[in-house]
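Below, each chain spelled out in residue letters.
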Amino acid sequence: MTERNWQGFALAPGVTVSHAGPGTAQFSAGPRVLRIGGLGPGTLAALDQLGPRPKPLTGLNASTALAPLLLRLCAQGMTTLACLGNDGGDGVLAVAAAIAGFAPNWDFRAPDLAARLQLSRLAWCARRGDELVLEGPASGVRVTVRSPEVAFITAAFAAPARAADVLALCAGTLKPAEVQACVEFLTGLGILVPAGPGEDPEDPVLAVREVPDVAVQLASRSGLAGGPIGGTFRFRHAIDPQPAVKDWPGHPENETVLPRPDLDACRESSKPLQRLVDERRSRRAFGPAPVTAGQLSEFLFRVARVNSVREMPVDTGVTHQVSTRPYPSGGSCYDTEFYLAVRRCAGLAPGIYHYHPVRHSLALVSAETGLVTAFHAGAMQASAGGTPDVVIILASRFARNSWKYQGLALTTGLKNIGVIMELMYLTATDMGLACCALGGGDSAVFAKATGLHPLAESSMGEFMLGTRCPDDVS
């Protein structure tokens, strides 16, 4: 691999370099240490010149053997690679860093100007702070864009294009040498790939992945995110936390208080856990008799009630509410809200309801039958089954998780819903009811029914509930 005149190298953020004996350089990033031996005096001197600002290889006064070494260090997260403008001058067009765990294999060579290239299917741009970041997980790279030119060139390859055509498109605006350097940089990193009928169709790892899934994976896992992950409470001095329990507007005028079941009696009659686990089934057919308000009350109380609420200290003068309920929730935030699309229920009128887990009551959200029908039609389509009595919609109050968690808010909410669904399955099985979790639902219908902004609170899971068919003895 030969050096390119646009290449510049710098130490990755938080990395230091020192000598660890004759001919040995030591790179340190917190507790992580990497030692490289067998280096000549010129190479060691060049490594000593690395700092936070990218330097061209010519400025490091090193031999041509330094470029492959620095690229290997890039792949290990110790250095970054910059695309320099002005024929290798101080102007930084973009900076590339490896995503930990991907072991990238970058290959830089002069681009074939007649070849058709296209932006990688799994690449996307996003703003991070005051910078534009181009993510390329297919090749394990994260590029910080430092100039509008790079963003323009990247966008030019959204559809298949020849490098020569992009050069012509930029004529009079961008320098041809810088355009060619950007194309070589992005192609070598795997951000731009050969255009064809499908990207890497022979690679089953990439073929089955989609951008939203990969984006959530990268953002929510330490080592991949490129930033803080976990309970940082970053909004504790900027935004007030939401309360642990949500009141639907208009209570108690539009509220139906449900009878509280006798938990001791439920414990006495409940089947052993292992038997419930073994008997649990997804039942998509429902009986002719409607579920009763008493059954719905018991189901909700056993699954979703609040046992206690308390204030948890976060910082000096700052607290936020946490609660305990029958199911676990990340950080005791309990972001999940229970809504019910009731088609038929003996003792309860049809409509869309919100469950209050402290008062054990249902607040009427909408009595519009068309919305109830829409939820049930969607459930039937998703399950390829019959019409349930009730569709339970699990919605996330996103701020409950994101006020505490950085990078983990969405995945925590989805994990919470998975736990809830298992508890609903076991409870319905114990009560002799038919139930089925759904793989998808219509969040636009939920937004219309509730009037809630989809980025503030939105449906994230659905669950069918009803009586069993008389001949269902499995």
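Everything that follows concerns the structure shown earlier in this document.
These figures come from a predicted structure and were not determined experimentally.

Rules used throughout
Residues numbered from 1 in each chain as written. Predicted model: local features only at pLDDT ≥ 70, side-chain atom pairs only at ≥ 80, totals over all residues. Heavy atoms only, no water. Phe/Tyr/Trp six-rings, centres within 6.5 Å; stacked < 30°, edge-to-face > 60°. Helix = DSSP H or I, 4+ residues; strand = E, 2+ residues; numbered from the N terminus. Buried < 20%, exposed > 50% of the residue type's maximum accessible area, 1.4 Å probe, protein only. Polar contact = N/O pair within 3.5 Å; in protein donor to acceptor, adjacent residues only side chain to side chain. Contact = heavy atoms within 4.5 Å. Pairing = 2+ DSSP bridges. 1 Å grid on protein atoms, 1.4 Å probe; cavity = no way out; pocket = protein on both sides within 12 Å on 5 of 7 lines; lining within 4 Å. Points joined across faces, edges and corners; volume = space filled by probe spheres on them. Nonpolar A, V, L, I, M, F, W, Y, C, P; charged D, E, K, R; others polar. Expected span 1.5 Å × (residues − 1). Arc of directions from axis to C-beta. Patch = residues over 30% accessible without salt bridge, like charges linked within 9 Å, V, L, I, M, F, W, Y side chains within 5 Å. Areas by Shrake-Rupley, 256 points an atom, 1.4 Å probe, with all protein chains shown as cover. Salt bridge = Lys/Arg side-chain N within 4 Å of Asp/Glu carboxyl O. Axes fitted to C-alpha atoms, helices over the stretch in contact; angles between N-to-C directions. Left-handed = near helix turned anticlockwise from the far one by under 90°.

### A closer look at the packing of aromatic side chains
One pass over the structure, following the stated rule, counts 8 aromatic pairs. A ring pair is formed by W6 and F108, whose centres lie 5.4 Å apart and whose planes are at 70°; its orientation type is edge-to-face. With W6 in the segment before β1 (7-11) and F108 in the loop between β7 (92-98) and β8 (116-119), the pair connects residues that are 102 residues apart, well separated along the chain. Since its relative accessible area comes to 4%, F108 is described here as buried. Here Y425 and F463 contribute two aromatic rings whose centre-to-centre distance is 5.3 Å and whose plane-to-plane angle is 80°, an arrangement assigned as edge-to-face. One end of the pair, Y425, is in helix α13 (residues 409-431); the other, F463, is in strand β24 (residues 457-467), with 38 residues separating them in the sequence. Residues Y425 and F463 agree in their burial class; the two are buried. What links up through ring pairs into an aromatic cluster is the set W6, F108 and F185.

### A word on the side chain of S366
Mapped onto the fold, S366 is located in strand β20 (residues 361-366). Overall, S366 belongs to the buried group, its relative accessible area being 13%. At a separation of 3.2 Å, a polar atom in the side chain of S366 contacts the main-chain amide nitrogen of E368. Not counting the four nearest positions on each side in its chain, S366 is found in contact with G351, I352, L371 and A449.

### Quick word on the sheet that holds strand β6 (residues 79-84)
Read from one edge to the other, the open sheet built from 7 strands follows the order β5-β1-β6-β7-β11-β10-β9, with strand pairing classed as antiparallel. Taken across any chain shown, the strands that pair with only one partner, and hence form the sheet edges, are β5 (55-56) and β9 (124-128). Two elements, strand β10 (residues 131-136) and strand β11 (residues 141-145), share 5 bridges in a ladder whose sense is antiparallel. Bridge pairing in β11 places E135 opposite R142.

### Description of the pairing of strand β16 (residues 308-315)
Every other side chain in a regular strand lies on the same face of the sheet, so the side chains alternate between the two faces. Of the pairings in the sheet, the one linking β16 to strand β17 (residues 318-324) comprises 7 bridges and is antiparallel in character. Within the sheet, the bridge partner assigned to E311 lies in β17 and is Q321. Counted between consecutive antiparallel strands, the loop separating β16 from β17 contains 2 residues, among which G317 sits at a positive phi close to 75°.

### Re empty space enclosed by the protein
Taken as a whole and assessed by the stated rule, the structure comprises 3 cavities of 30 Å³ or more. When its volume is computed, the largest cavity comes out at roughly 50 Å³. Going through the elements one at a time, α12 (398-402) and α13 are the ones with two or more residues in the lining of the largest cavity. Looking at the lining of the largest cavity, the element that brings in the most residues is α13, giving 5 residues. Looking at the lining of the largest cavity, its residues break down into 6 nonpolar, 3 polar and 1 charged. What the second largest cavity holds in volume is close to 40 Å³. Every residue lining the second largest cavity is listed: A304, R325, Y327, T336, E337, F338, Y355 and P357. Looking at the lining of the second largest cavity, the element that brings in the most residues is strand β18 (residues 336-342), giving 3 residues.

### As for helix α11 (residues 369-383)
The terminal C-alpha atoms of α11 lie 21 Å apart, and with 15 residues this matches the ideal 21 Å at 1.5 Å per residue to within 8%. L371, V372, F375, H376, A379 and S383 are the residues of α11 that are buried. Along α11, the residues classed as buried sweep out an arc of 135° about the axis, all on the same side. Exposed residues on α11 whose side chains face more than 90 degrees from its buried face are T369, T373 and Q381. Looking one or two places after α11, you find A384, whose phi comes out positive at around 55°.

### Some words on a nonpolar patch on the surface
Nonpolar side chains collect at one region of the surface, where V216, L410, L414 and M460 lie side by side and expose about 270 Å² of accessible area between them. Turning to its location among the elements, L414 is positioned in helix α13.

### Looking at unusual backbone geometry
Its identity as a non-glycine residue notwithstanding, F233 has a phi of 50°, on the positive side. With respect to the secondary-structure elements, F233 resides in the loop between β14 (230-231) and β15 (255-257). Note on F233: relative accessible area 12%, which makes it buried. With phi around 55°, S332 is a residue other than glycine that occupies positive phi space. Relative to the assigned elements, S332 resides in the loop between β17 and β18. Among the residues examined, S332 registers a relative accessible area of 29% and is labelled partly exposed.

### Thoughts on the packing of helix α3 (residues 148-156) against helix α5 (residues 176-188)
The contact between α3 and α5 brings their axes to 10 Å, and the two run at 65°. Handedness of the crossing formed by α3 with α5: right-handed. Across from V150, I153 and T154 in α3, the residues of α5 making contact are V179, C182, V183 and L186. The residue makeup of the contact of α3 with α5, split by class, is 6 nonpolar, 1 polar and no charged.

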